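# Coordinate inspection notes
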Amino acid sequence: MTDSRRGKKITTAAVLAAALLAARLWVVEPVTVSSESMEPAVPRGTTVLMFKPGPALGGLRPGDLVVFTSPDDGNPAIKRAVAFQGQTVAIEDSVLVVDGVPQPEPGIDHSRIDGTYFGPVTVPAGHVFVLGDNRAGSIDSRTYGSVPLGHLQATVLWPAGR
């Protein structure tokens, strides 16, 4: 192999390694879930892929899984976005109600959270209201309030939302 060809292979390998590192730092990062707050959708110990540009790209929808630093303990938290600025959110006998309309939540075991009530509260401008799927064992916006959109670090690519 000529020195020129060897040099091109080394350069290609270095560029590829740099691109992979950049992707991990700024685009996609695996993280292991350390709590039970998103069970059964995302069990403790599951590795999820965070899409870091997700919040900045906008287009968040109800049901999306988002990552942010928990105001409760300062650790990364994964929760489900359920309501956005100006919307009113409540939980009535375990049923999520947004703007007075009960929301379908096929992944929620309502029998585990029967008798749960919260709100109603209105989500402030520039914020998102987040809940854990394991409502009985989740510290979420019911405790620390709505999360500023600017505090969202990523959306979860895999496992996907619902």
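Here we summarise the structure given alongside this text. (Residues numbered from 1 in each chain as written. Predicted model: local features only at pLDDT ≥ 70, side-chain atom pairs only at ≥ 80, totals over all residues. Heavy atoms only, no water.)

### Some details on the environment of Q87
Basically, it comes down to this: Only runs of H or I of at least four residues qualify as helices and only runs of E of at least two qualify as strands under DSSP, and these elements are numbered from the N terminus. A contact between two residues is defined here by any heavy atoms of the two lying within 4.5 Å. Definition of a polar contact: a pair of N or O atoms within 3.5 Å, with one able to donate and the other able to accept a hydrogen when the atoms are protein atoms, and with sequence-neighbouring residues admitted only if both atoms are side-chain atoms.
Along the chain, the position of Q87 falls in the loop between β4 (76-84) and β5 (88-92). It is 6.7 Å that separates the C-alpha atoms of Q87 and V98, two residues lying 11 residues apart in sequence. Among all residues touching Q87, those that are not within four sequence positions of it are V98, D99, V121, T122 and V123. Side-chain polar atoms of Q87 contact the backbone nitrogen of F84, separated by 2.7 Å.

### Here's the deal with the layout of surface pockets
For clarity, the cut-off: Within this scheme a cavity is a closed region of a 1 Å grid, computed over the protein atoms alone, that accommodates a 1.4 Å probe without allowing it to escape, whereas a pocket is open but has protein on both sides within 12 Å along at least five of seven lines; lining residues each have an atom within 4 Å of a point. Grid points are joined across faces, edges and corners, and a volume is the space filled by probe spheres set on the points. Under the grouping applied here, Gly and all other residues not named as nonpolar or charged are polar, the nonpolar ones being Ala, Val, Leu, Ile, Met, Phe, Trp, Tyr, Cys and Pro and the charged ones Asp, Glu, Lys and Arg.
Its volume calculated, the largest pocket comes out at about 350 Å³. Every residue lining the largest pocket is counted, 20 residues in all, and those nearest its centre are S34, S35, S37, P76 and A77. Mapped onto the lining of the largest pocket, the elements with two or more residues apiece are β1 (28-32) and β4. The greatest single-element share of the lining of the largest pocket, amounting to four residues, is contributed by β4. Of the residues in the lining of the largest pocket, the class split is nine nonpolar, eight polar and three charged.

### Observations regarding the pairing of strand β3 (residues 65-69)
The criterion, for reference: Exposure is judged per residue with a 1.4 Å probe applied to protein chains only, and the accessible area is read against the type maximum: over 50% gives exposed, under 20% gives buried, and values in between give partly exposed. Two strands are counted as paired when DSSP detects at least two bridges linking them.
For β3, a buried count of four out of five residues is recorded, marking the element as mostly surrounded by other parts of the structure. Across five bridges, the pairing between β3 and β4 is antiparallel. By the bridge assignment for β4, F68 is matched with A77. Connecting the antiparallel pair β3 and β4 is a turn made up of six residues, with G74 showing a positive phi of about 80°.

### Remarks on the pattern of salt bridges
Pairs can form between side chains of opposite charge whenever their charged atoms are close. Applicable threshold: Think of a salt bridge as a Lys or Arg side-chain nitrogen and an Asp or Glu carboxyl oxygen that are within 4 Å of each other.
Evaluation of the coordinates by the stated rule reveals five salt bridges. The partner of D64 in a salt bridge is R61, and the shortest N-O contact between them spans 3.5 Å. A residue is classified by how much of its surface remains accessible, and R61, at 52% relative accessible area, is exposed. For D140, the salt bridge is made with R142, and the minimal N-O distance between the two is 2.8 Å. Classification of D140 by relative accessible area gives buried; the value is 0%.

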